[in-house]
Amino acid sequence: MKLIKINKSEIFDTLGIALLLLASFYFYKFSYFAVPSIKFIIIENFKIFILLFLCTLIYLKLINNRFKNFFLFIFLTFVSIFLLKLIFNISGNLSLHFFLKIIYSKIFNFGIEKKIPLYVKILSYLTPYILIILCLGLLNKNLEKVKKFYVIFGFFLSLIILWDLTKIYNKQKIEKEALVSSSIINKVNNEKKVLWVLFDA
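Cut-offs and rules
- Residues numbered from 1 in each chain as written.
- Predicted model: local features only at pLDDT ≥ 70, side-chain atom pairs only at ≥ 80, totals over all residues.
- Heavy atoms only, no water.
- Helix = DSSP H or I, 4+ residues; strand = E, 2+ residues; numbered from the N terminus.
- Buried < 20%, exposed > 50% of the residue type's maximum accessible area, 1.4 Å probe, protein only.
- Contact = heavy atoms within 4.5 Å.
- Salt bridge = Lys/Arg side-chain N within 4 Å of Asp/Glu carboxyl O.
- Core = buried A, V, L, I, M, F, W, Y, C linked by side-chain atoms within 4.5 Å.
- Phe/Tyr/Trp six-rings, centres within 6.5 Å; stacked < 30°, edge-to-face > 60°.
- Patch = residues over 30% accessible without salt bridge, like charges linked within 9 Å, V, L, I, M, F, W, Y side chains within 5 Å.
- Areas by Shrake-Rupley, 256 points an atom, 1.4 Å probe, with all protein chains shown as cover.
- Axes fitted to C-alpha atoms, helices over the stretch in contact; angles between N-to-C directions.
- Parallel < 35°, antiparallel > 145°, perpendicular 65-115°, else oblique.
- Nonpolar A, V, L, I, M, F, W, Y, C, P; charged D, E, K, R; others polar.

1. Observations regarding the overall build of the protein
Move 1: Summing up its helical and strand segments, the protein has 6 helices and 0 strands in all.
Move 2: When the elements of the protein are put in sequence order from the N terminus, they spell out α-α-α-α-α-α.
Move 3: Taken over 201 residues, the protein has a buried fraction of 32%.
Move 4: Sequence separation of at least 24 residues holds for 73% of the intrachain contacts in the protein that already meet a minimum separation of 6.

Dropping the structure here:
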């Protein structure tokens, strides 16, 4: 039985794509705007990263056959959807689907605050896939270059995640120090009250 060989280039590509997908999850679930425990964030993101890394590595390894271009097209469509959602999630104000609902509310003239028609829900779900498939179709002969771009962009996004985690850590550190300081002040005040009671007695 032959062992599956994994070269450095495959590891590098897998790492970059996994970081890009992790960033999409991170800015959807966590980030500076929604701050749980920093320890919880790091542990959860590490577990998700390991899963994404393994799944990406296995998939990229399996598509090395005569249908590689077709499977790479599907894979890049999937990654592109997450990247598109990331662009909206990273703003912290507007989701992709809500943005599309606003666009369609103008086109079909219905109130966004009212019940959304079913056909608009379907359109807002399908639109990103249609646009991405069209774009990748135009870039069909350059899918490897698109993948390389996503890999490099994934490493860039990892720096943004680290920067955001630093902000969260600093914020929680300040809050913890303020809490400790407040606790000490309250303790001192309570001791003063006890002394006043003793002197009054």
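Next comes the rest of the description.
2. With respect to the pattern of salt bridges
Move 1: Counted under the stated rule, the structure contains 6 salt bridges.
Move 2: Of the charged contacts in the structure, one is a salt bridge between Glu10 and Lys61, with a shortest N-O distance of 3.0 Å. Residue Glu10 is found in helix α1 (residues 8-29), and its partner Lys61 is found in helix α2 (residues 38-62); the two are separated by 51 residues along the sequence.
Move 3: Judged by its relative accessible area of 17%, Glu10 falls in the buried class.
Move 4: Between Glu144 and Lys68 there is a salt bridge, with the nearest N and O atoms lying 3.4 Å from each other. Linking Glu144 in helix α6 (residues 143-200) with Lys68 in helix α3 (residues 68-89), this pair joins segments that are 76 residues apart in sequence.
Move 5: In this structure Glu144 comes out as partly exposed when scored by relative accessible area, which is 33%.
Move 6: Note on Lys68: relative accessible area 29%, which makes it partly exposed.
Move 7: Connected through salt bridges with shared partners, the residues Asp13, Lys68, Glu144, Lys147 and Lys148 form a single ionic network.

3. Here's the deal with the nonpolar core
Move 1: Among the nonpolar cores identified, the biggest contains 37 residues, and Ile17, Tyr26, Phe75, Leu76, Val79, Leu136 and Tyr150 are the most heavily contacted of them.
Move 2: Of all the secondary-structure elements, those providing two or more residues to this core are α1, α2, α3, α5 (118-138) and α6.
Move 3: With 9 residues, α1 is the largest single contributor of residues to this core.
Move 4: Discounting residues that sit within four places of it in the chain, Val79 has contacts with Ile17, Leu20, Leu21 and Tyr150.
Move 5: Core analysis: the second largest hydrophobic core is formed by 7 residues, Leu96, Leu100, Tyr104 and Phe110 among them.

4. Quick look at the packing of aromatic side chains
Move 1: For the structure shown, the criterion picks out 10 aromatic pairs.
Move 2: Between Tyr26 and Phe27, the aromatic rings sit 4.9 Å apart at their centres with planes inclined by 90 degrees, giving edge-to-face as the arrangement.
Move 3: By relative accessible area, Phe27 is classed as buried at 9%.
Move 4: Joined through ring pairs, the aromatic side chains of Phe149, Tyr150, Phe153 and Phe156 make up one cluster.

5. Remarks on the environment of Gly111
Move 1: Within the secondary structure, Gly111 sits in the loop between α4 (96-108) and α5.
Move 2: Overall, the relative accessible area of 23% leaves Gly111 in the partly exposed class.
Move 3: Taking C-alpha positions, Gly111 is 10.0 Å from Lys101, a pair spaced 10 residues apart along the chain.

6. Remarks on a nonpolar patch on the surface
Move 1: On the surface, a nonpolar cluster with roughly 770 Å² of combined accessible area is contributed by Leu118, Ile122, Tyr125, Leu126, Tyr129, Ile130, Ile133 and Leu134.
Move 2: Residue placement: Tyr125 occurs in helix α5.
Move 3: On the accessibility criterion, Tyr125 (46% relative accessible area) is partly exposed.

7. Some details on the packing of α2 against α3
Move 1: In the contact formed by α2 and α3, the axes pass within 10 Å of each other and the chain directions differ by 155 degrees. Relative to α3, the element α2 is oriented roughly antiparallel. Across the interface between the two elements, Thr56, Tyr59 and Leu60 from α2 touch Phe71, Ile74 and Phe75 from α3.
Move 2: A breakdown of the residues in the contact of α2 with α3 according to their chemical character gives 5 nonpolar, 1 polar and no charged.

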